[in-house]
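# Inside the fold
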Amino acid sequence: MASYDNIQTETKDRVGIIRLNRPKALNALCADLIRELGMALDAFEGDPAIGCVVLTGSDKAFAAGADIKEMKEKSYQDVFLQDFITVGWEKVSQIRKPIVAAVAGYALGGGCEMAMMCDFIIAADNAKFGQPEITLGTIPGAGGTQRLPRFVGKSKAMDLILTGRMMDAAEAERCGLVSRVVPLAQLMDEAVTAAEKIAGMSLPATMVAKEAVNRAFETTLAEGVRFERRTFHATFAFEDRAEGMSAFADKRKARWKHR
Ligand code: DAK
């Protein structure tokens, strides 16, 4: 397995785990980290033995945002011409396999945005979410103004983005940003168990389910339902769909071919 400076990767059965690992900077998302993250995501995406990815950080920080020290001297020309830290970021939202964020500690700015690019978020009870960019004289730049209101509604999103305040895990669960909150010590067990369950399904079925849910955020209800119907019909081409229904009828466990 490739070795990296700012992240660590491991696999557990069909689950690929990526841990952001820049402890001295609370996993601030510097360009090298983002580049490595993109490489690790590509590797898991291309590996037929992987069915789900877990993205996590440390107990203290998922990620405290983009690297402010790296950003502070940049001019408009710099960020525009370099398409500043765009490429690796897009991988997180473009990966077609399911990806679960396991968040402990700070998920601020780009850290919160990166968690929201994943398919769902499991939070430890010490997690803190926020979009503090306004306190730096700027605004979220990795989708925060668009994804946060889709998760939590306009009022809460405006509250967080305009005041820059943090919200704790309980508030994040109440407003729908996270799917569940667990004690810190159980975070990885819970996230990996969920990921193993997903990875234990037919891979093409989880991939089209993800694509169909994501379509809900891109289109009207009527178009979304039409997309779902056609995609549902298309699952009848999967060998695993035939196997899943036969296994149910035969009262046995399905043997997926991931085809
Ligand atoms: N960048 C760089 N270094 C950071 C950092 C960050 N975001 N956050 C923390 N660190 C560093 C600190 O500078 C400190 O380093 P040393 O002083 O030891 O060298 C070390 O991590 C430990 O931090 P603290 O000493 O501050 O630790 P505390 O426990 O006291 O405080 C904190 C933790 C998370 C409350 C605090 O560190 C903090 O407020 N950090 C900044 C949070 C923040 O404002 N984040 C938003 C950053 S702006 C884009 C994509 C994304 C973005 C933009 C564009 N594109 C795709 C184009 C996103 C922008 C942002 O995220």
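Just above sits the structure.
Residues numbered from 1 in each chain as written. Predicted model: local features only at pLDDT ≥ 70, side-chain atom pairs only at ≥ 80, totals over all residues. Heavy atoms only, no water.

This paragraph deals with the sheet that holds strand β10 (residues 180-182). Across the sheet, six strands lie side by side as β1-β2-β3-β5-β7-β10; this open sheet has mixed pairing. At either margin of the open sheet sits one strand with a lone partner, and together these are β1 (7-12) and β10. Here the average twist between neighbouring strands, direction ignored, is 20°. Against the sheet, helix α9 (residues 187-199) engages β1, β2 (15-20), β3 (52-56), β5 (99-103), β7 (120-124) and β10, with an angle of about 160° to β3. (Pairing = 2+ DSSP bridges. Helix = DSSP H or I, 4+ residues; strand = E, 2+ residues; numbered from the N terminus. Axes fitted to C-alpha atoms, helices over the stretch in contact; angles between N-to-C directions. Contact = heavy atoms within 4.5 Å.)

Taken together, I134, I139, M158 and L162 make up a surface patch of nonpolar side chains, about 380 Å² in accessible area. Looking at where I139 falls in the secondary structure, it is placed in the loop between β8 (128-130) and α6 (144-152). Residue I139 is classed as exposed on the basis of its relative accessible area, which comes to 54%. (Patch = residues over 30% accessible without salt bridge, like charges linked within 9 Å, V, L, I, M, F, W, Y side chains within 5 Å. Areas by Shrake-Rupley, 256 points an atom, 1.4 Å probe, with all protein chains shown as cover. Salt bridge = Lys/Arg side-chain N within 4 Å of Asp/Glu carboxyl O. Buried < 20%, exposed > 50% of the residue type's maximum accessible area, 1.4 Å probe, protein only.)

Moving on, we come to the packing of aromatic side chains. Under the defined criterion, the tally for this structure stands at two aromatic pairs. Pairing Y76 with F80 gives two aromatic rings, centres 5.8 Å apart and planes at 15°, and the pair type is stacked. Here the residue Y76 and the residue F80 both occupy positions in helix α3 (residues 76-81), the gap between them amounting to four residues, near one helical turn. Taken together, a centroid distance of 5.4 Å and an interplanar angle of 80° make the contact between F232 and F236 edge-to-face. F232 gets classed as partly exposed once you look at its relative accessible area, which sits at 44%. According to the relative accessible area criterion, F236 is partly exposed, its value standing at 40%. The ring of F227 carries R215 above its face, with NZ or CZ at 3.8 Å from the centroid. (Phe/Tyr/Trp six-rings, centres within 6.5 Å; stacked < 30°, edge-to-face > 60°. Lys NZ or Arg CZ within 6 Å of the ring centre and 35° of its normal.)

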